[in-house]
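Fold and geometry: a report
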Amino acid sequence: MHFPAILIPFFVAGGLSLVFVYFADRHTSTPGARSFAVFMLSMAIYCLGYGMELSSPDLATALFWNNIQYIGILSFPNLYLIFVLQYTGRGRILTSRNLGLLFLPVIFFYIVKLLDGQLQWVYAAPHMELVNGNLVLAFEWGLLYLPISIYQIVVVTWANILLIRQFRYASRVHRMQIAIMLLAASVVYLVNLLYMLDVSLSPALDG
């Protein structure tokens, strides 16, 4: 394994996410705390998995860690929505049936991802490239890559609309909390848009 400096932020972010998991789990009486903890755990899996992918010396290892991080990638939008529903007092709609319907696409997408070595419906023609001294996993978009991204954006946007509606009636403290969540979501939107458009924020991040 090699450890390029570019992976440090991902390990830091993953570690911070685990800290949030710890503190949220100690306040389970707060509405949405438990779902927030699981949401943060999914982010930790994504960040740490991506860090390990960046440290991978070959394609097989990189794809292994990529499959691990996809647990977080595919689940975090739904977990974010569940947290927002509970935070805004709408947790009653989270019935077993509705949760099953919500996660059905995620389960399907993840099974496809695990079979992607044969199907290549998510990552087409995966290979390793040396970019600015960093060995990275490169690929072309497969058949389901864009539908997965659209599904995630729709779910996250649904959650953010609920937060915006809640902002109008929230107390001052809750308005501050909602504003912070929406600000964080706007960063995610921006970074995702730049990624989809293949726009790099730094030469070190090319590829």
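Heads up: the structure comes first, above all this text.
Overview of the structure. (Residues numbered from 1 in each chain as written. Predicted model: local features only at pLDDT ≥ 70, side-chain atom pairs only at ≥ 80, totals over all residues. Heavy atoms only, no water.)

**Focus: the overall build of the chain**
When you go through the chain residue by residue, the secondary structure sums to seven helices and two strands. The order of helices and strands in the chain, counted from the N terminus, is α-α-α-α-α-β-β-α-α. For the chain, the C-alpha radius of gyration of 18 Å lies close to 17 Å, the compact-globule estimate for 207 residues. On the principal axes, the C-alpha backbone points of the chain span a range of 50 × 35 × 30 Å. The 207 residues of the chain split such that 38% are buried. (Helix = DSSP H or I, 4+ residues; strand = E, 2+ residues; numbered from the N terminus. Rg over C-alpha atoms; globule rule 2.2 N^0.38 Å. Buried < 20%, exposed > 50% of the residue type's maximum accessible area, 1.4 Å probe, protein only.)

**A word on the packing of helix H1 (residues 8-25) against helix H2 (residues 33-54)**
Relative orientation of the contacting elements H1 and H2 amounts to 160°, with a least axis distance of 8 Å. One element, H1, and the other, H2, form an angle in the roughly antiparallel class. In the packing of H1 onto H2, the handedness of the crossing is left-handed. Residue classes in the contact of H1 with H2 are distributed as 19 nonpolar, four polar and two charged. (Axes fitted to C-alpha atoms, helices over the stretch in contact; angles between N-to-C directions. Parallel < 35°, antiparallel > 145°, perpendicular 65-115°, else oblique. Left-handed = near helix turned anticlockwise from the far one by under 90°. Nonpolar A, V, L, I, M, F, W, Y, C, P; charged D, E, K, R; others polar.)

**Details of the pairing of strand E1 (residues 123-131)**
Sheet topology places E1 next to strand E2 (residues 134-141); seven bridges connect them, and they run antiparallel. In the sheet register, Met-128 faces E2, and the bridge partner there is Leu-137. (Pairing = 2+ DSSP bridges.)

**So, the environment of Pro-77**
For Pro-77, the location among the structural elements is in helix H3 (residues 59-87). Among the residues examined, Pro-77 registers a relative accessible area of 0% and is labelled buried. Along the backbone, Pro-77 and Val-155 are 78 residues apart, and their C-alpha atoms lie at a distance of 6.0 Å. Setting aside residues no more than four positions away along its own chain, Pro-77 makes contact with Gln-152, Val-155 and Val-156. (Contact = heavy atoms within 4.5 Å.)

**A word on a nonpolar patch on the surface**
Together, Ile-107, Phe-108, Ile-111, Leu-114, Leu-115, Leu-119, Trp-121 and Leu-143 line one region of the surface with nonpolar side chains, adding up to about 760 Å² of accessible area. Residue contributions to the nonpolar patch peak at four residues, all from helix H4 (residues 96-114). (Patch = residues over 30% accessible without salt bridge, like charges linked within 9 Å, V, L, I, M, F, W, Y side chains within 5 Å. Areas by Shrake-Rupley, 256 points an atom, 1.4 Å probe, with all protein chains shown as cover. Salt bridge = Lys/Arg side-chain N within 4 Å of Asp/Glu carboxyl O.)

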